[in-house]
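If you want the building blocks of each chain, they are given just below.
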Amino acid sequence: MNLSVKPRDNTLPRSGRVGLLGPGRALRKPSPGLRARLSQRERKAELNVATCYYWGGLPCSFHRLEAYATWPLCSTARRIPSSSMSLLPCLRWSRSRWWLPLEKSTADLLADVLLDAAETAAERHRGALRERLRADPALLIYAVLRGAEGGRRPPDVVSVPRLADRLLRRLPQWLGEADRQLHTPGVDAGHRRRWQELARRALQLPLEDRLLTAPQWLRVLGPPVPPSWQSYWPRLRDPEETRDPDEARDPDEMWAEAETQPLEYAAPTLSLHRLAGLVRRERSLRERFDARLAREKLASLKQFAYGLTHEINNPLANIVTRSQQLQADESDPQRVESLERVVAQAMRAHSMLSDVMFFAHPPRPRPVKLDLQALVADVVAQAQAEAERVRIDLHVAAGDALFCHADPALLHDAVAALVRNALEAVGSDGRIVARCAAEGNRLTVEVADSGPGVSEEARRHAFDPYYSGREAGRGLGLGLCRVYRVASLHQGGAELGGGLAGCVARFWIHRGDLL
């Protein structure tokens, strides 16, 4: 299926072509009748570019165009110009567009990042992106300016580690936008020679000064850069490049290094745009599958909890009642102790059933204004006796009052579950620290311990009521799924992570309306 853009066509394009609406006009907003047939989201995207596209003779917006242009059954169609394979997606400001080159080694790295989205590979990708940002001036300029496109002013200073994190998070979105691949200009040998020269000059400069060459890079395939956009550009900083001014590198040495490591601005053999589209669709399908699986699991858990509570609680109540009667008439201390253990284990089973029932059908929160820092300190104080008995240093980090609108009983249970999980993990002779933090309307409670830590699989399923992590040396049980449920009731979430040693369990909630 052929895809093209025809700027001056007063007839509907043939099936399978893309054209502009309007007799003899290169850009024209869609008619009222067409706007009525488009959704509000698609209409906004269309009006932003003042262009209406067609696919198969039917009007579509950029959102639909992106889905159609990356349709896997049409992989042999010429949807995007071949020159776009040697260019990064365009940068935009107002009505102007600019293109930067895509270096061959950079393209290989970005493809590796797209294909390997595992959490275990994130740190490796982050380090590789940092090194590539320092070695490829075009990628560095693109990462900085892509964050300075919108109306909201970016930070005054950005660092290379922060740019690497931004690339890691947004790479599928940045590379997968079809509208940034349209109207791509042609690339010839003169453009590549110019980029090689700019790269050699940029690599002679300290990294903090390389953004000064951005107007020259953008001018190769674009109009002059407006001063209004340059005023949005932040300053660059590289923590690893800070050195004594007396130890500044010799310019001749930097020039020789740039000559020995030339950048290849040749067209790669892989379309990153098409790859990013496939990755985005795969992630979207996976997220929808996970969401549906969670709903199905919750529905089955409700049925399971209702039946289990009725069928098991009655026998447990009889066991406890009969054990207490025998205990009252028993004079042998050993038999009394045995009966006490029977009662304790029966009550433990009842508590587990209560956790399952709470997850399946939690109570409605009754929010009031409270100080989260004081609530965490109160929970820690209640657990001090147990911590001292097993020689564990348990304390709460000092902090200011953090007021929120939440249910104090539910939050108390959630914090107590985190502390209890940490005490079970450490066992004895360890350390546990609880702390609170605020970021905007999000309040976070985290409990860090010096226990044995958790595996990657246990971290993914820690808040799943069907999962038990006791084989990993840590009794996750049902307490953490209760934590997740409390957090979700307060528009938040929970996660289990690792630290330098041990484990860090945290949950976050929305601050709520304090008025």
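Cut-off values and rules
Residues numbered from 1 in each chain as written. Predicted model: local features only at pLDDT ≥ 70, side-chain atom pairs only at ≥ 80, totals over all residues. Heavy atoms only, no water. Axes fitted to C-alpha atoms, helices over the stretch in contact; angles between N-to-C directions. Helix = DSSP H or I, 4+ residues; strand = E, 2+ residues; numbered from the N terminus. Parallel < 35°, antiparallel > 145°, perpendicular 65-115°, else oblique. Left-handed = near helix turned anticlockwise from the far one by under 90°. Contact = heavy atoms within 4.5 Å. Salt bridge = Lys/Arg side-chain N within 4 Å of Asp/Glu carboxyl O. Buried < 20%, exposed > 50% of the residue type's maximum accessible area, 1.4 Å probe, protein only. Expected span 1.5 Å × (residues − 1). Arc of directions from axis to C-beta. Polar contact = N/O pair within 3.5 Å; in protein donor to acceptor, adjacent residues only side chain to side chain. Pairing = 2+ DSSP bridges. Core = buried A, V, L, I, M, F, W, Y, C linked by side-chain atoms within 4.5 Å. Phe/Tyr/Trp six-rings, centres within 6.5 Å; stacked < 30°, edge-to-face > 60°. Lys NZ or Arg CZ within 6 Å of the ring centre and 35° of its normal. pLDDT = per-residue confidence, 0-100.

Observations regarding the packing of helix α4 (residues 104-115) against helix α12 (residues 272-329)
Interhelical geometry of α4 versus α12 gives an angle of 10° and a closest axis separation of 10 Å. Viewed along their axes, α4 and α12 adopt a mutual orientation that is roughly parallel. You can see that α4 and α12 cross each other, and the crossing is left-handed. When α4 is examined against α12, the residues A107, L110, A111, L114 and L115 are found in contact with a partner set consisting of L272, L275, A276, V279 and R283.

A closer look at the pattern of salt bridges
This structure, assessed with the given rule, holds 19 salt bridges. Here D179 and R92 are joined by a salt bridge, their closest N and O atoms 2.5 Å apart. Here D179 is found in the loop between α7 (160-176) and α8 (189-204), whereas its partner R92 is found in strand β3 (residues 91-93), with 87 residues between them in sequence. Assessed through its relative accessible area of 11%, D179 is described here as buried. Between E337 and R341 there is a salt bridge, and its shortest N-O distance comes to 3.3 Å. Within this pair, E337 and its partner R341 are both found in helix α13 (residues 333-360), separated by 4 residues, close to a single helical turn. Through salt bridges with shared partners, a single network forms among R435, E446, E495 and R506.

A look at α8
Taking 1.5 Å per residue as the helical rise, α8 with its 16 residues ought to reach 22 Å, and the 23 Å between its terminal C-alpha atoms agrees with that figure. Listed in full, the buried residues belonging to α8 are H191, W195, L198, A199, A202 and L203. Buried positions in α8, seen along its axis, are confined to an arc of 125° and lie on one side of it. Where α8 begins, one side-chain oxygen reaches toward the backbone nitrogen of G190, 3.1 Å away; that side chain belongs to D188.

Description of the pairing of strand β11 (residues 442-449)
With respect to burial, β11 is a largely interior element, 7 of its 8 residues being buried. The hairpin formed by strand β10 (residues 430-439) and β11 contains 2 residues between the paired strands, and G440 there has a positive phi angle of roughly 65°. Of the strand pairs in this sheet, β11 and strand β13 (residues 503-510) are connected by 8 bridges, and their pairing is antiparallel. When the sheet's bridge partners are listed, D449 is paired in β13 with C503.

Overview of the environment of A425
Here A425 lies in helix α16 (residues 408-426). The spatial distance from the C-alpha of A425 to the C-alpha of S450 is 8.2 Å, given a sequence separation of 25 residues.

Topic: the nonpolar core
L133, L145, W217, L218, W229 and W233 are the most contacted members of the largest nonpolar core, which totals 58 residues. Residues contacting L133, with those up to four places away along its chain left out, are L139, L140, A143, V160, L163, A164 and L167. The next biggest cluster of nonpolar side chains, apart from the first, holds 44 residues, and it includes L410, L411, L480 and F507.

Thoughts on the environment of W508
Mapped onto the elements, W508 comes out in strand β13. What makes W508 buried here is its relative accessible area of 18%. Here the alpha-carbon distance between W508 and E495, two residues 13 residues apart in the chain, equals 9.1 Å. If near-sequence neighbours (up to four positions away) are discounted, W508 is found in contact with R442, L443, T444, A487, G492, G493, A494 and E495.

Comments concerning the packing of aromatic side chains
For the structure on display, the rule yields 5 aromatic pairs. Measuring from centroid to centroid gives 5.2 Å for W93 and Y232, while their planes differ by 55°, and the two rings are tilted. A residue pair is termed long-range when its members are at least 10 positions apart, and W93 in strand β3 and Y232 in the loop between α10 (227-230) and β6 (235-237) qualify at 139 residues. Classification of W93 by relative accessible area gives buried; the value is 15%. A relative accessible area of 19% means that Y232 is categorised as buried. A cation sits over an aromatic face here: K369 above F403, 5.3 Å from the ring centre.

A short note on the side chain of R506
Within the secondary structure, R506 is located in strand β13. Within the structure, the side chain of R506 is placed 3.2 Å from the side chain of E446, a separation counted as a polar contact. There is a polar contact of 2.9 Å between the side chain of R506 and the side chain of E495. Contacts of R506, omitting those with residues within four sequence positions, involve T444, V445, E446, A494 and E495.

Structural notes on helix α14 (residues 372-382)
Two residues of an α-helix separated by three or four positions point the same way, owing to the 3.6 residues in each turn. Every buried residue of α14 is listed here: L372, Q373, L375, V376, V379 and V380. Along α14, the residues classed as buried sweep out an arc of 165° about the axis, all on the same side. When the buried face of α14 is taken as reference, the exposed residues oriented beyond 90 degrees from it are A381 and Q382.

Focus: the environment of R274
Structurally, R274 can be placed in helix α12. We classify R274 as partly exposed; its relative accessible area is 32%. Placed 189 residues apart in sequence, R274 and M85 show a C-alpha to C-alpha distance of 9.8 Å.

Examining the confidence of the model for the protein
On average, residues of the protein score 75 in pLDDT, and 72% of them reach the 70 mark or higher. Note that residues 38-80 has pLDDT below 50 and, in this model, 94 contacts with residues that lie over four places away or in other chains. Confidence drops under a pLDDT of 50 for residues 251-260, and excluding neighbours within four residues, the segment shows 11 contacts in the predicted structure.

Some thoughts on unusual backbone geometry
A negative phi angle characterises most non-glycine residues, just as the trans form characterises most peptide bonds. A positive phi angle is found at S94, which is not glycine, with a value near 60°. With a phi angle near 60°, R391 is a residue other than glycine that sits in the positive phi range. Structurally, R391 can be placed in the loop between α15 (384-389) and β8 (392-396). For R391, a relative accessible area of 52% translates into the label exposed.

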